[in-house]
Amino acid sequence: MNFSEFSFWWVLLLFCIPYFTVRYVAKSLNLWRDIFDTVGLVSMSLFLFLNASKSSFVIFICEIIFNYMMVWLMLRQEKWQAKAIATVVVVIDIAILAYFKYLNFFVEDVLGLIIPGLAENWQSKSIPGMGSIPPGLSFYTFQMVAFVVDSYKSPKKQPIAALDYANFVAFFPQVVAGPIERRADLFPQIEKFRFKLTYDNFESGFRWLSLGLFMKFVLADNISPYIKVDQVDNPWLVWFFAFLFTLQIYFDFGGYSFIALGLAKFLGINLSLNFLAPYTSQSINEFWRRWHVTLSTWFRDYVFLPLMGKNMKLAPFYLFITFTLSGFWHGAAWNFILWGAYHGLLLLVLRYAGRPFYKFLGQQKLLMPQFISWALTFGSIILGCLFFMETNTGRLLEKLKVLIIPWNYSLSNLGEALTFFKGSESAALALTLVLAIGLLFMEQIGVWQQGETEYDLLISPWMSRILLVLTILFAANTPSPFIYFEF
């Protein structure tokens, strides 16, 4: 669901007003049954998904039916038969994802390097489903795969209701871009679901919603127009635009996740916190514990640990492979593979070669080791975002070449960078950056306070009202699409 489109909120209202009116009247006449809440939630989710993409809706429904039937069958089989069924389901789910997301890349960018003319011939053909990736496919596929594996491993082989499974997969706040929920966390809430329209749920949902709207519409969408991807000659500007993108992608995806969290809380559902103030991290290892948490733990539990098994000696190799695959999950392009490999390699380098360095810093009281660790970590994240934002491989290599040549960092290039934006443009960008840095600093205060979440200060009652007012005043005139909708 695209929270930045008016149609989402309009369709949500069109569904909710008549539904909750009927619910209120029926409850007053003692005609309402609990099952109607379950039916209402799945109807709401599917109605919103249908509005988002009619063509993808058919694929989504077919996958829900197939996965439910196979899990239903798996739970009634002996161990080896259940394992065979689980394997088949996982393979088919991943195959569907691969067809829509990776087939073009494999033919054009892999086989096309070997077979001359193949890419041009492939592009001239009309292949069903090759136009775009169905909304949410990457996210709900991983959620379905995790459900199959967790159901297979669960010691309790209890039957699951079809409506509960549909609600688990199609839950509208998070179906398109996560968080990727686990069976143990979300499914028990779905099984006992009843609409709980209480003041406490409304207040909690409002606070997270205010934070998410501010991050998306004020910060991410106001930063987006200033990012010039085609700038390759000036290293100061290359770094600056990579820095802006680093901010944008967090505020964009974090904003989506917090809006989803808020909408779910309105309904009495607690989703996983997908971000934990990632830019406060003092190491890459800590960064990946704080960034896109549900995806990181998914790859850890369903890729890294099964690959490694009991062979601890090859853990570094499997860690590198896991991060490379996670990069490939983000998009069917070489730059995403390079981005995943970069972070995997960085983790290995810092884990093994970086230990003496961090020990040395810890002994130097005057060097402020925490600040230096943070600066080095954030700098490496910015460099990584350069890989992520630049889908043109040739231009990416040009930028890397410009960055590593010392004499490119001349005073004339610095002057050009400082005067690149002028007048109202520079003032608007400066204001946005002040708000962005202020929010990041409040996240850091939340980390220092060690409260319930890193966002305690930002979701306090008074701050949520301020953020809502700031959103009304400074929201971008033209909202940009959520970045992770492309993946």
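Thresholds applied
- Residues numbered from 1 in each chain as written.
- Predicted model: local features only at pLDDT ≥ 70, side-chain atom pairs only at ≥ 80, totals over all residues.
- Heavy atoms only, no water.
- Helix = DSSP H or I, 4+ residues; strand = E, 2+ residues; numbered from the N terminus.
- Buried < 20%, exposed > 50% of the residue type's maximum accessible area, 1.4 Å probe, protein only.
- Axes fitted to C-alpha atoms, helices over the stretch in contact; angles between N-to-C directions.
- Parallel < 35°, antiparallel > 145°, perpendicular 65-115°, else oblique.
- Left-handed = near helix turned anticlockwise from the far one by under 90°.
- Contact = heavy atoms within 4.5 Å.
- Nonpolar A, V, L, I, M, F, W, Y, C, P; charged D, E, K, R; others polar.
- Polar contact = N/O pair within 3.5 Å; in protein donor to acceptor, adjacent residues only side chain to side chain.
- Salt bridge = Lys/Arg side-chain N within 4 Å of Asp/Glu carboxyl O.
- pLDDT = per-residue confidence, 0-100.
- Phe/Tyr/Trp six-rings, centres within 6.5 Å; stacked < 30°, edge-to-face > 60°.
- Lys NZ or Arg CZ within 6 Å of the ring centre and 35° of its normal.
- Core = buried A, V, L, I, M, F, W, Y, C linked by side-chain atoms within 4.5 Å.
- Patch = residues over 30% accessible without salt bridge, like charges linked within 9 Å, V, L, I, M, F, W, Y side chains within 5 Å.
- Areas by Shrake-Rupley, 256 points an atom, 1.4 Å probe, with all protein chains shown as cover.

Asks: If you had to explain unusual backbone geometry to someone new, which residues and values would you point to?
Replies: Although it is not a glycine, A277 sits at a positive phi angle of roughly 50°. With a phi close to 55°, Q450 is a non-glycine residue in the positive phi region. Within the secondary structure, Q450 is located in the loop between α19 (424-449) and α20 (461-474). Among the residues examined, Q450 registers a relative accessible area of 69% and is labelled exposed.

Asks: Tell me about the packing of helix α9 (residues 199-223) against α19, residues and numbers included.
Replies: Two numbers describe how α9 lies on α19: the axes approach to 10 Å, and their chain directions differ by 140°. It follows from the interaxial angle that α9 and α19 lie oblique. α9 and α19 meet at a crossing whose hand is left-handed. Counted together, L211, F214, M215, V218, L219, N222 and I223 of α9 and T432, L435, A436 and L439 of α19 form the full contact between these two elements. Residue composition of the contact of α9 with α19, by class: nine nonpolar, two polar and no charged.

Asks: Summarise the side chain of T294; cite the residues concerned and give the values.
Replies: Within the secondary structure layout, T294 lies in helix α12 (residues 293-308). A polar contact of 3.1 Å, which involves the side chain of T294, links it to the backbone nitrogen of I180. At a separation of 2.7 Å, a polar atom in the side chain of T294 contacts the side chain of N274. Excluding residues that lie within four positions of it along the chain, T294 makes contacts with P179, I180, S272 and N274.

Asks: Describe the pattern of salt bridges, and please don't skip the residues or the numbers.
Replies: Two side chains carrying opposite charge are able to pair once their charged atoms lie near each other. A complete count under the given rule lists twelve salt bridges for this structure. A salt bridge links D34 to R194; the nearest nitrogen and oxygen atoms lie 3.3 Å apart. With D34 in helix α2 (residues 34-52) and R194 in the loop between α8 (183-191) and α9, the pair connects residues that are 160 residues apart, well separated along the chain. Here R194 falls in the partly exposed class, since its relative accessible area comes to 28%. Across the pair R465 and E203 runs a salt bridge, and its minimum N-O distance is 2.8 Å. Taken together, the residues R465 in helix α20 and E203 in helix α9 connect sequence positions 262 residues apart.

Asks: An account of the confidence of the model for the chain is needed here, citing residue identities and associated values.
Replies: Taken residue by residue, the chain gives an average pLDDT of 88. The fraction at 70 or more is 93%. Within the chain, the element-level pLDDT minimum falls on helix α15 (residues 355-363), averaging 56, and the maximum on helix α7 (residues 162-170), averaging 95.

Asks: Kindly report on α7, identifying the contributing residues and their values.
Replies: In terms of residue burial, α7 counts as a mostly covered element, since seven of its nine residues are buried. Where the residues of α7 are buried, they touch α2, α3 (54-74), α6 (137-153) and α8.

Asks: Please give an account of the environment of L431 that cites residues and values.
Replies: On the secondary structure map, L431 appears in helix α19. Under the relative-accessibility criterion, L431 is labelled partly exposed at 39%. As for L431 and N222, which are separated by 209 residues in sequence, their C-alpha atoms are 9.9 Å apart.

Asks: Kindly report on the packing of aromatic side chains, identifying the contributing residues and their values.
Replies: Under the criterion given, the structure shown has 63 aromatic pairs. When the centroid spacing of 6.1 Å and the interplanar angle of 20° are considered together, the rings of Y279 and W291 count as stacked. Placement of Y279 in the loop between α10 (235-266) and α11 (284-290) and of W291 in the loop between α11 and α12 is noted, with a sequence separation of twelve residues between them. Comparing Y279 with W291, the two get one shared label, buried. Here the basic side chain of K101 rests over the ring of W329, its NZ or CZ set 4.9 Å away from the ring centre.

Asks: Kindly report on the nonpolar core, identifying the contributing residues and their values.
Replies: Counting 148 residues, the largest nonpolar core has L211, F251 and Y455 as its most contacted members. In terms of residue count, the dominant contributor to this core is α10 (19 residues). If we skip the residues at most four places from it in the chain, Y455 touches W208, L211, Y250, F258, L273, F275, L276, A277, P278 and E443.

Asks: Describe a nonpolar patch on the surface, naming the residues involved and giving the relevant values.
Replies: A surface patch of nonpolar side chains, about 570 Å² in accessible area, is lined by F6, W10, L13, L14 and I17. With respect to the helices, strands and loops of the structure, I17 is situated in helix α1 (residues 6-28). For I17, a relative accessible area of 54% translates into the label exposed.

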